[in-house]
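Spelled out from the first residue to the last, the chains are:
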Amino acid sequence: MVEQTFIFIKPDGVERGLSETILQKFTDNNFKILHIKELTLTKEMADIHYNEHVDKPFYPDLLSFITRGPIIAAIMEKENAVEEARVLVGATNPAEAEEGTIRKEFGKNTGENVIHASDSEKSAESEIQHFFPDYVT
Ligand code: IDP
Ligand code: MG
């Protein structure tokens, strides 16, 4: 089924000038970019987006990292997009990510792993709503 997922290039990826290369990997893999925008996350947005992690010990570091500069957020469309994007992105810890994945190639560590991708259809739907509130399917 053709579906939509949500991704963003994290501040480390944007700072290092990797945005175009990373987006190209999506389009090379037949993802269609439906919407794209640059923004800088506020604490409030980060707390909502990373709601499942706010009480974890690493959250203060994650919060300062993810709000330190612009991100590039996009809605991607493809057959089985949610799962396909997670495969292309790779494991959270770049050292454990498969060869050929974005995090394997560019990620520095478990925190600075250059990209986010929704982990389920449900997350994709709520993250698209959160980041692109004017977008209506
Ligand atoms: P995911 O991005 O692969 O879905 P999650 O476990 O949902 O991984 O964690 C969200 C983000 O929080 C990670 O991508 C990473 O940036 C950060 N993070 C997760 N675990 C750690 C950790 O142990 N130390 C530092 N940052 C972490
Ligand atoms: Mg996650």
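Reference entry: report on the structure contained in this document. (Residues numbered from 1 in each chain as written. Chains lettered and ligands numbered in written order. Predicted model: local features only at pLDDT ≥ 70, side-chain atom pairs only at ≥ 80, totals over all residues. Heavy atoms only, no water.)

1. With respect to the packing of aromatic side chains
Per the counting criterion, the structure on display carries five aromatic pairs. Measuring from ring centre to ring centre gives 6.0 Å for Phe6 and Phe8, while their planes differ by 65°; the resulting arrangement is edge-to-face. Neither Phe6 nor Phe8 differs from the other in exposure class; each is buried. Plain terms: the ring middles of Phe6 and Phe132 are 6.4 Å apart, the flat faces sit at 70° to each other, and that makes the pair edge-to-face. Placement of Phe6 in strand E1 (residues 2-9) and of Phe132 in the segment after helix H7 (121-131) is noted, with a sequence separation of 126 residues between them. (Phe/Tyr/Trp six-rings, centres within 6.5 Å; stacked < 30°, edge-to-face > 60°. Buried < 20%, exposed > 50% of the residue type's maximum accessible area, 1.4 Å probe, protein only. Helix = DSSP H or I, 4+ residues; strand = E, 2+ residues; numbered from the N terminus.)

2. Considerations on the side chain of Arg103
Structurally, the position occupied by Arg103 is in helix H6 (residues 102-106). The side chain of Arg103 is buried and forms no salt bridge, while Asp12, the nearest opposite charge, is found at 8.4 Å. Beyond its immediate sequence surroundings of up to four residues, Arg103 is in contact with Lys10, Val89, Gly90, Ala91, Thr92, Pro94, Ala97, Asn113, Ile115 and His116. (Lys, Arg positive; Asp, Glu negative; His and termini not counted. Salt bridge = Lys/Arg side-chain N within 4 Å of Asp/Glu carboxyl O. Contact = heavy atoms within 4.5 Å.)

3. Regarding the pattern of salt bridges
The full count for this structure, using the stated rule, is five salt bridges. Close ionic contact of Glu15 with Arg68 constitutes a salt bridge, the shortest N to O distance being 2.8 Å. Of the two residues, Glu15 is situated in helix H1 (residues 11-15) and Arg68 in the loop between helix H4 (59-66) and strand E3 (71-79); the sequence distance between them amounts to 53 residues. Taking relative accessible area as the criterion, Arg68 reaches 41% and is therefore assigned partly exposed. Between Lys78 and Glu84 there is a salt bridge, and its shortest N-O distance comes to 2.9 Å. Given the relative accessible area of 32%, Glu84 is considered partly exposed.

Fair warning: the whole summary comes from geometry, so function is off the table for now.
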